[in-house]
Amino acid sequence: MSISVKKERVVSGKIIRISGPLVVADGMDKARMYDLVKVGSEGLVGEIIEMRSGRAFIQVYEATEGLRPKDEVLSTGAPLSVELGPGLLSSIYDGVERPLEILENLWGHYIVRGAEAPAISRDKKWHFEPAVKPGEVVSAGDIIGTVQETVNFQHRILVPHGIKAAKVVEIYEGNFTVEEVVCVVDVNGQKVELKMLSKWPVRIPRPYKRKLPPKEPLITGQRVVDTFFPITKGGTACVPGPFGSGKTVLQHQLAKWANGEVVVFVGCGERGNEMTDVLLEFPELQDPYTERPLLERTVLIANTSNMPVAAREASIYTGITIAEYFRDMGYDVTLQADSTSRWAEALREISGRLEEMPGEEGYPAYLASRLASFYERAGRVICEGSTDREGSVTAIGSVSPPGGDLSEPVVQATLRVVKVFWALEDRLAYERHFPAINWLNSYSLYDRAVAEYLNREVDEEYGSLVKEAMAILQKEDELKEIVRLVGMEALSGEERILLETARSIREDFLQQNAFNDRDSFTSLRKQYLMLKAIMDFYHRALEAYSQGRELEKILNASVRLKIARAKFIPEDEIDEIASIPKQTQEEIFA
Amino acid sequence: MVKEYETIRDIVGPLIFVEGISDSSYGELVEIEYGTGQVALGTVLETTKDYALVQSFEGTQGLSPKKGKIRFIGKTMKVGVTRKLLGRVLDGLGRPKDGAPLPIADDERDIQGNAINPYSRDYPTDFIQTGISSIDGLNPLVRGQKLPIFSGSGLPHQRLAAQIARQATVKGQEESFAVVFGAMGITFEEANFFISQFEETGALEHTVLFINLANDPPIERLATPRIALTVAEHLAFNEGMHVLVILTDMTYYCEALREVSAARKEVPGRRGYPGYMYTDLATIYERAGRIKGLEGSITQVPILTMPEDDKTHPIPDLTGYITEGQIILSRELHRKGIYPPTDILPSLSRLKEKGIGEGKTRKDHSPLSNQLFAAYARGIEARELMVVLGEAALTEADKAFVRFADEFEQKFISQGDYESRTIEETLDLGWELLHIIPRTEIKRIPPEIFEEFYHKKRRAAVKA
Ligand SMILES: Nc1ncnc2c1ncn2[C@@H]1O[C@H](COP(=O)(O)OP(=O)(O)OP(=O)(O)O)[C@@H](O)[C@H]1O
Ligand SMILES: [Mg+2]
């Protein structure tokens, strides 16, 4: 967060009204929209969100108790920005990028007002390795050097936006703090000093050259996601569901296992303990791809439900700006926001205090456009710079609809923009069918692109297997209706086999226990073999039945327990799953 | 610092509009003098250079714009905290109700509290044995958790809360504990039930009670849980005690919130409750937890009655979105005579995974509970089918699941008010019941655990 007051542009005014997080100040006609301001003697941080006849309407990122009319308001002359540079990874920040670990060191266990500390350490030295030589010409987005930020992560230092055709005059290898000059360039005869630290206003998307269509899936290790409702790198998804249906667990699972290179996790108006959980667990867990602690690739933004609501509104912008920053280096980044509903509610609360005309359910009329422009910041892009570097931001937002009602405004506005819909259902959660993703009404608009990938990379029949399995699940729904009306006897033997297969798909494949070490992550190959074993049983069973073998005997085959337990087979023993079809054959036709 | 004004312009419900004051601070405490000797407390809800909007905690009945006076105290509402409050009965604003004077406080704390830095929290992992199978076995409570009881009118939530308070222990630990009890809008009898429960077990000396009864001023309820939690924070994080906070009934708290919102003519949210109710409730519920490096903990068991037994009503809904699970009581089980009538399927404890298992309870705990949930869900589904179509319409497996569901309700969920089962007893009972369903249907339990417990536990349970 950048809160230094630029002398030349200081505008000061006086408070005339305080109502919750909203403060109105007079004498501010020279201040600018979205400028950051400091309020009262404690210097509480706020942002101007409306100007009316010389009055600034300010949302304050801290508790406003104790402020009085006539207290001073100072504009900093700069918009709310985040600091960017080495040191972001493994850090935890609040919604306006205040470093929570440092705040604890300075002020103790509670968040106190007016607390300030730089987001990126000014003392820590990083080893800067130049990537260009004096005399070379560079432009915005070009890599001038790198820092090995963690064992596996190379932080790339880019030429800042706006600089064109600059000639490198000097560049230094060595250990530097983020504020020391590492490179000097000549721009039209003017010397410009470059440092590792940069800033970016959170409400403005970082530029890129152009967007690309989705290509590869983001592999998550979650069977229902990867196999049935996949998301791509650079894609967008939402996870709506009532309380307790598993949004946070799913988000955590994706943060843990997805094959991106950086994860930015925004806890937006949710529980404190959930952030603690990540903080305690991620250093212990290994990234399955790099075998380094997960925390080393993670940035956490925690603005919990009891922290100030205006900072909650800012938190998702802080998060996505950091995500874009890593994208610009050429990485695949996932930005996860849990929950966007709490962001929307913050927007609603401020809008109410501004006495704006309320739209549906009291949300401001601009809710949908704000949501759309947020998700629009996701995508696979060609980054700025002279080489065509590719990077992506995948955005995944939870939605917490009141009473689980999907017709409410936040869900509806989100569905209009995102491409994947993982509908969590309480009915499934009650049965402890987790992830409680309803397989009948969820969808992924990336499914075709991903099916091609799976056929190519895993097995050529993967795509058709998935289609057939989905058809069985749909048919199950119809048959269950019949059973409800007239009972099981009305069904043919073939239909009984189909029902049992559907149950097997649900229980043995779709259900995945996040808390079981072996079940928590499943490779694509294992996913394929598991589904294959189930579908193979289906076909063998039909065949055996048509040859006159006894139905109960087929359905009670002991190989079915093997199929059910396939999920517990470790990744390095999955040949065992590959051998299930053979056992099925032997047992059923014995 | 204290300033007095006689310039009341409007009185609307609990709100008082005071003109002519140009520098009252937001959230400041005020005293409202009725001119009859009566003095009430209030707080500033909105302040401008021309007026202040004041909310009275004690209502405005009998207040006159001409005679009333408002004193601005110049500080926010505070409460004196000390260990010596244990054993005391106070009113909803923390004033003695038992005739004795207030003890000398160690410190004065703002009742709003500050948010715990998420970085400073420690994850709750100590399993609390309540002795109640439907909680310990399936929805275990851990120290520092916030786990509400969603009830309905006429359901035995008080008995359950009292049983939890009576029986709760942590394995192998004899530390100092305390109960902080915040009552909002409950009846005299209900309050009395708790007091006599605490007396009976000798727990009263470890307990501090804040009592706002049904006939006490409703707006006072907005302060009661905050005062209770401020005291709880002192006991937990300064005195190192493990504090159980019972707040009942949150429904009346929310109604008071709605009343203020309506008087302010705010745009109402769902069912008239204000749009900021989520955040407001979070500033109460999030005050549970543990802090790194500190001894004590705050475990919250808020109780609320769901209007029309509807858990999508904003009060249970928003609560469920904040708390770490919920214990839901079922009218149907209650009618069947089952106590505690825990509605197993929609009940949930989100912190269970890290509080149970090897070294905490037993390594079969998690998979066993998953299996019990799944089997009970299937049993209920089959039972519904059976009601419509008769038993003949079920497969053999489904018949077994129905039998399982019935026995599970009678033997596992049901227990006595004074029956405290150890966690081992609860788990063994679960294994015993699993023998009712076909072996091939036991899919949630990894093979090693299954082999180790399935047969052994049967024998153990049969012997006992
Ligand atoms: N994949 C899973 N495996 C095992 N258990 C799960 C899984 N997903 C969810 N659960 C269970 O469901 C509980 C609730 O999940 P979670 O906290 O993610 O819900 P939520 O949708 O985020 O709720 P809220 O909206 O209130 O935050 C978890 O505590 C866990 O017990
Ligand atoms: Mg959640």
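Residues numbered from 1 in each chain as written. Chains lettered and ligands numbered in written order. Predicted model: local features only at pLDDT ≥ 70, side-chain atom pairs only at ≥ 80, totals over all residues. Heavy atoms only, no water.

What the rule picks out here adds up to five cavities of 30 Å³ or more. Estimated volume of the largest cavity: approximately 980 Å³. Lining the largest cavity are 47 residues, and of these V249(A), F434(A), A514(A), F515(A) and E353(B) lie nearest its centre. Within the residue set of the lining of the largest cavity, elements represented by two or more residues are α3 (247–257) and α4 (272–281) of chain A together with β22 (348–349) and α9 (352–355) of chain B. Here the lining of the largest cavity takes seven residues from α3(A), the largest share from any one element. (1 Å grid on protein atoms, 1.4 Å probe; cavity = no way out; pocket = protein on both sides within 12 Å on 5 of 7 lines; lining within 4 Å. Points joined across faces, edges and corners; volume = space filled by probe spheres on them. Helix = DSSP H or I, 4+ residues; strand = E, 2+ residues; numbered from the N terminus.)

Here we come to the confidence of the model for chain A. The predicted coordinates should not be examined in detail at positions where pLDDT is low. Mean pLDDT over chain A works out to 93, with 98% of the residues at or above the 70 mark. Here residues 1–7 of chain A is a poorly scored stretch, pLDDT under 50, and it has 20 contacts once near neighbours within four places are set aside; other chains count. (pLDDT = per-residue confidence, 0-100. Contact = heavy atoms within 4.5 Å.)

To continue, consider the pattern of salt bridges. Once the charged atoms of two side chains with opposite charge are near each other, the side chains can pair. On inspection of all chains with the given rule, the structure shows 85 salt bridges over all chains. Of the charged contacts, one joins D26(A) and R55(A) as a salt bridge, the two residues approaching to 3.8 Å between their closest N and O atoms. You can see D26(A) sitting in strand β2 (residues 22–26) and its partner R55(A) sitting in strand β5 (residues 55–60), a full 29 residues away along the chain. Residue classification places R55(A) among the partly exposed residues on the basis of a relative accessible area of 33%. For E58(B), the salt bridge goes to R95(B), with nearest N and O atoms at 3.1 Å. Taken together, the residues E58(B) in the loop between β6 (51–56) and β7 (69–76) and R95(B) in the loop between β9 (89–91) and β10 (107–110) connect sequence positions 37 residues apart. Taking the relative accessible area as the measure of exposure, R95(B) reaches 30% and is therefore partly exposed. Three or more residues joined by partner-sharing salt bridges are found here, namely E270(A), R271(A), E274(A), R342(A) and E345(A). (Salt bridge = Lys/Arg side-chain N within 4 Å of Asp/Glu carboxyl O. Buried < 20%, exposed > 50% of the residue type's maximum accessible area, 1.4 Å probe, protein only.)

Turning to the site of ligand 1, a few remarks are in order. The local shell around ligand 1 holds 19 residues, among which K247(A), T248(A), V249(A), R271(A) and R350(B) are the closest. Between ligand 1 and the protein, one listed contact pairs a nitrogen atom with a backbone N or O atom of Q512(A) at 3.2 Å. A514(A) has a polar backbone atom sitting 2.9 Å from a nitrogen atom of ligand 1. Protein burial of ligand 1: of its 630 Å² of free accessible surface, 94% is covered by the chains. At a threshold of 2 Å from the grid points, most atoms of ligand 1 map onto the largest cavity. Each residue belonging to the shell around ligand 1 can be placed in one class, and the counts come to eight nonpolar, seven polar and four charged. (Near = heavy atom within 4 Å. Polar contact = N/O pair within 3.5 Å; in protein donor to acceptor, adjacent residues only side chain to side chain. Areas by Shrake-Rupley, 256 points an atom, 1.4 Å probe, with all protein chains shown as cover. Sits in = over half its atoms within 2 Å of the grid points. Nonpolar A, V, L, I, M, F, W, Y, C, P; charged D, E, K, R; others polar.)

This paragraph deals with the sheet that holds strand β9 (residues 126–130) of chain A. All names here are of chain A. If you walk across this open sheet you meet the four strands as β12-β11-β9-β14, and the pairing is antiparallel. Here the strands that pair on one side only, and so sit at the sheet edges, are β12 (154–158) and β14 (174–176). Across the sheet, the axes of successive neighbouring strands diverge by a mean angle of 40°, strand direction being ignored. Where strand β11 (residues 143–148) meets β12, five bridges bridge the pair, whose relative direction is antiparallel. Pairing of G145 across the sheet is with I157, part of β12. (Pairing = 2+ DSSP bridges. Axes fitted to C-alpha atoms, helices over the stretch in contact; angles between N-to-C directions.)

Looking now at the sheet that holds strand β12 (residues 127–129) of chain B. Residue and element names in this part refer to chain B. Taken in spatial order, the three strands of this open sheet run β13-β12-β15, and their pairing is antiparallel. Because the sheet does not close on itself, it has two edges, and the strands there are β13 (141–142) and β15 (169–170). Bridge count between β12 and β13: two bridges; the pairing is antiparallel. Each residue of the ladder has a partner; that of F127, found in β13, is V142.

On to the environment of K480(A), then. As for its placement among the helices and strands, K480(A) is situated in helix α11 (residues 462–486). With relative accessibility at 26%, the residue K480(A) sits in the partly exposed group. Separated by 45 residues in the primary sequence, K480(A) and R525(A) place their C-alpha atoms 32 Å from one another. For K480(A), the contacting residues outside a window of four places in its chain are R506(A) and E381(B).

Attention shifts here to α4(A). Of all 10 residues in α4(A), nine are buried; the element is thus mostly enclosed. Listed in full, the buried residues belonging to α4(A) are G272(A), N273(A), E274(A), M275(A), T276(A), D277(A), V278(A), L279(A) and E281(A).

As a further point, take the side chain of T227(A). Relative to the helices and strands, T227(A) resides in helix α2 (residues 223–228). Setting aside anything within four residues of it in sequence, one finds T227(A) in contact with Y462(A), V466(A), F509(A), Q527(A) and L531(A).

Turning our eyes to something else, we now look at the packing of helix α10 (residues 365–389) of chain B against helix α12 (residues 423–434) of chain B. Residue and element names in this part refer to chain B. Here α10 crosses α12 at 45°, and the two axes come no closer than 10 Å. Comparing their axes, α12 and α10 come out oblique. Our pair here, α10 against α12, has a crossing hand that is left-handed. Across from H365, L368, Q371 and L372 in α10, the residues of α12 making contact are I423, L427, G430, W431 and L434. Of the residues in the contact of α10 with α12, the class split is six nonpolar, three polar and no charged. (Parallel < 35°, antiparallel > 145°, perpendicular 65-115°, else oblique. Left-handed = near helix turned anticlockwise from the far one by under 90°.)

Attention shifts here to helix α13 (residues 524–546) of chain A. Along its 23 residues, α13(A) runs 33 Å from first to last C-alpha, staying within 8% of the 33 Å computed at 1.5 Å per residue. Two residues or fewer past α13(A), G548(A) is found with a positive phi of approximately 90°. (Expected span 1.5 Å × (residues − 1).)

On to unusual backbone geometry, then. D338(A) connects to S339(A) through a cis peptide bond whose omega is 10°. Within the secondary structure, S339(A) sits in the loop between β22 (332–338) and α6 (340–353). Cis peptide bonds are those with omega within 30 degrees of zero, and the linkage from T248(B) to D249(B) qualifies with 10°. Take D249(B): it is sitting in the loop between β18 (242–248) and α5 (250–263). For S90(A), which is not a glycine, the phi torsion comes out positive at approximately 70°. Turning to its location among the elements, S90(A) is positioned in the loop between β7 (81–84) and β8 (92–93). If you check the backbone angles, R432(A) has positive phi at about 60° while not being a glycine. Mapped onto the elements, R432(A) comes out in the loop between α9 (426–430) and β26 (443–444). R432(A) gets classed as buried once you look at its relative accessible area, which sits at 5%.

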